[in-house]
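In case you want the letters, here they are:
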Amino acid sequence: MEFWQKEAHRESSSTAAGADGKPEQILSATQLSQGFPNYISQSSCWGKSDSVWSDSCCSLCLLEELYFQLRTTVAFQSCFLLLQTARLLLRVQNSFPEVLIMAAIYRAAYRRAALFCRSHSTYIRKMRYLSKLKEDDILCRQAQTSGTFYIFHNLSPFLQKVGKKYLIPQLSAAEMKRILEKFRETEQWIEKSVLIGCSDEHVPHFALDLAGALERSVVEAELKGSFTDLRKAFFVVDEKDSSLLASAQALLRWHDSHQYCSKTGQPTQKNVAGSKRVCHASGITYYPQMSPVVIILVSDGSRCLLARQASFPQGMYTALSGYCDVGEAVEEAARREVAEEVGLEVESLWYSASQHWPFPSSCLMIACHALVRRQQLEISVNSLELEEARWFGLEEIMEGLKREPRSAKQDNGSFLPWFPPKQAIAHKLINEWVKQQTSQPTQVL
């Protein structure tokens, strides 16, 4: 009892505030009787005989244990709510069941812990760590000594084939240093790497292009793999890895093409993380950029429109797309592209998703669905943009989604329609359209 009286007195001079900044209220008897949370079983005192709960001294031991556990393991602003409960315990312990008092204590602890976990999730901690690495050159240089490296050669990623799968090896900093030293390259070459992410355990990931340092064949022989063009690598590795490769190559490409200031012509210098380049002569800071592109799946309500360019593989059709003009909103760009390429007028438009796309250069694909006027469904193909565009019914679309490129060729030399692979956002648009035809349509914005 004396312990809680001292703790209550120590903190009672300061105003207690909850997570929302408002003073917390003393718990009522009704609030005290609202039961135990499931995690009460995690207490080291749980599992003792039921007589524990009829012993007020043991109840106080549980309270004291919980209090210290929270103060030492969780950064609460205050344990004031627990202290309030303790003071109430002092007043009512002889007339109120100890089991309900302990229920209230654990409920208070559970609420505080839940707030803490939500505001300090793994994702938030990871993003804040990456932000620090981008802004602090010293910290990022230290991270290079414990991070992992994805290697490229002339912007082609290094892959290893294991069975039928293609994997992207992550080289440790020690392994990277060993390879450079073996072929008499300076360790300072690692300074050319760029930060591309980190694991949940805060192991940083870097990308490094070895062109100019080591011969392609030398590295391939040493690591038993091959540097593969991104257009092929993007579609043979796992989906999560393809996104990582695209981001890494885009950042390496940007640094390769922005080595000089566009205003002064003087060399620019990258920070250690590679998140920016600075021209010290003009003071201009350059940041990596993406070009916004709209990609639109047009529908008349029962059919969808797909098109192809002459440069596409035989038989492949996809959604319409085009770059956004300067000063143009996404909606304006989508309507313009549909009008320019197939001569149709968009009646309504709704957003689907976005995706970074590395081809032909770093683009931000903004995917939309569009509905065109039923009174005007005749396609007028712009031959400067497209080779062909036509309407597809639901059955033909579903068959095309199952078809692989190598099985599209027929005996007479012609090709059955097939569509972009699942890594492409066009594939997502087409799948969404199929679902819309068989279920409730997406709400038009």
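Relevant structure appears above.
Because the structure is predicted, anything quoted here is derived from the model rather than measured.

Q: Looking at this model, I keep getting lost on the overall build of the protein. Mind explaining?
A: Along the backbone of the protein there are 14 helices and 16 strands. In the protein, buried positions account for 44% of the 445 residues. Long-range pairs, those at least 24 residues apart, make up 65% of the contacts in the protein between residues at least 6 apart in sequence. Roughly 24,400 Å² of accessible area belongs to the protein as shown, and the carbon and sulfur atoms make up 50% of that amount.

Q: Just checking my understanding: could you explain the state of the cysteines for this structure?
A: Note on terminology: a disulfide is the covalent bond linking the sulfur atoms of two cysteines. With the rule as written, the count across this model stands at zero disulfides. A disulfide-free cysteine, Cys279 has its sulfur positioned 3.6 Å from the sulfur of Cys261, the nearest such atom. A residue is classified by how much of its surface remains accessible, and Cys279, at 0% relative accessible area, is buried.

Q: Got a minute to help me understand the packing of helix 6 (residues 122-135) against helix 7 (residues 137-144) in this structure?
A: Axes are the key here: two packed helices are described by the angle between their axes and the distance separating the axes. The contact between helix 6 and helix 7 brings their axes to 5 Å, and the two run at 110°. The pairing of helix 6 with helix 7 is recorded here as roughly perpendicular in orientation. Residues Tyr129, Lys132, Leu133 and Glu135 of helix 6 form the contact with helix 7, whose own contacting residues are Asp137, Leu139, Cys140 and Ala143. Here the contact of helix 6 with helix 7 is built from residues that sort into five nonpolar, no polar and three charged.

Q: Where do I start with the nonpolar core in this structure?
A: A general trend in soluble globular proteins is that nonpolar side chains are found buried together. Formed by 41 residues in total, the largest nonpolar core has its most connected members in Leu245, Ile295, Leu297, Leu306 and Ile397. Each residue touching Ile295, except ones within four places of it in the same chain, is listed here: Ala319, Leu320, Ser321, Met365, Ile366, Ala367, Cys368, Ile425, Ala426 and Leu429. Membership of the second largest hydrophobic core comes to 27 residues, among which are Ala143, Ile151, Ala173 and Leu195.

Q: Any chance you could explain the pairing of strand 2 (residues 156-162) here in plain terms?
A: Two strands pair when backbone bridges link them, and strand 1 (residues 148-153) and strand 2 are joined in this way by two bridges, in the antiparallel orientation. In the strand pairing of strand 2, Phe152 is matched with Pro157. The antiparallel hairpin formed by strand 1 and strand 2 contains two residues in its connecting segment, where Asn154 sits at a positive phi of about 50°. Where strand 2 and strand 7 (residues 226-227) come together, two bridges link them in antiparallel fashion. By the bridge assignment for strand 7, Leu159 is matched with Ser226. By the bridge criterion, three bridges tie strand 2 to strand 3 (residues 165-167) in an arrangement that is antiparallel. Residue pairing for strand 3: Gln160 is matched across the bridge by Leu167. The antiparallel pairing of strand 2 with strand 3 creates a hairpin that spans two residues between the two strands, and Gly163 there sits at a positive phi of about 70°.

Q: For this particular structure, what's the right way to read the sheet that holds strand 8 (residues 269-270)?
A: Backbone hydrogen bonds are what pair the strands of a sheet, in a parallel or an antiparallel way. Spatially, the three strands line up as an open sheet ordered 8-9-10, and their pairing is antiparallel. A strand with exactly one partner marks an edge of an open sheet, and here the two such strands are strand 8 and strand 10 (284-286). As defined by bridge partners, strand 9 (residues 277-279) adjoins strand 10 across three bridges and the pair is classed as antiparallel. When the bridges of strand 10 are listed, Arg277 appears paired with Tyr286.

Reading the values: rules and limits
- Residues numbered from 1 in each chain as written.
- Predicted model: local features only at pLDDT ≥ 70, side-chain atom pairs only at ≥ 80, totals over all residues.
- Heavy atoms only, no water.
- Helix = DSSP H or I, 4+ residues; strand = E, 2+ residues; numbered from the N terminus.
- Buried < 20%, exposed > 50% of the residue type's maximum accessible area, 1.4 Å probe, protein only.
- Contact = heavy atoms within 4.5 Å.
- Areas by Shrake-Rupley, 256 points an atom, 1.4 Å probe, with all protein chains shown as cover.
- Disulfide = S-S within 2.5 Å.
- Axes fitted to C-alpha atoms, helices over the stretch in contact; angles between N-to-C directions.
- Parallel < 35°, antiparallel > 145°, perpendicular 65-115°, else oblique.
- Nonpolar A, V, L, I, M, F, W, Y, C, P; charged D, E, K, R; others polar.
- Core = buried A, V, L, I, M, F, W, Y, C linked by side-chain atoms within 4.5 Å.
- Pairing = 2+ DSSP bridges.

By themselves, these are just geometric observations and shouldn't be taken as functional.
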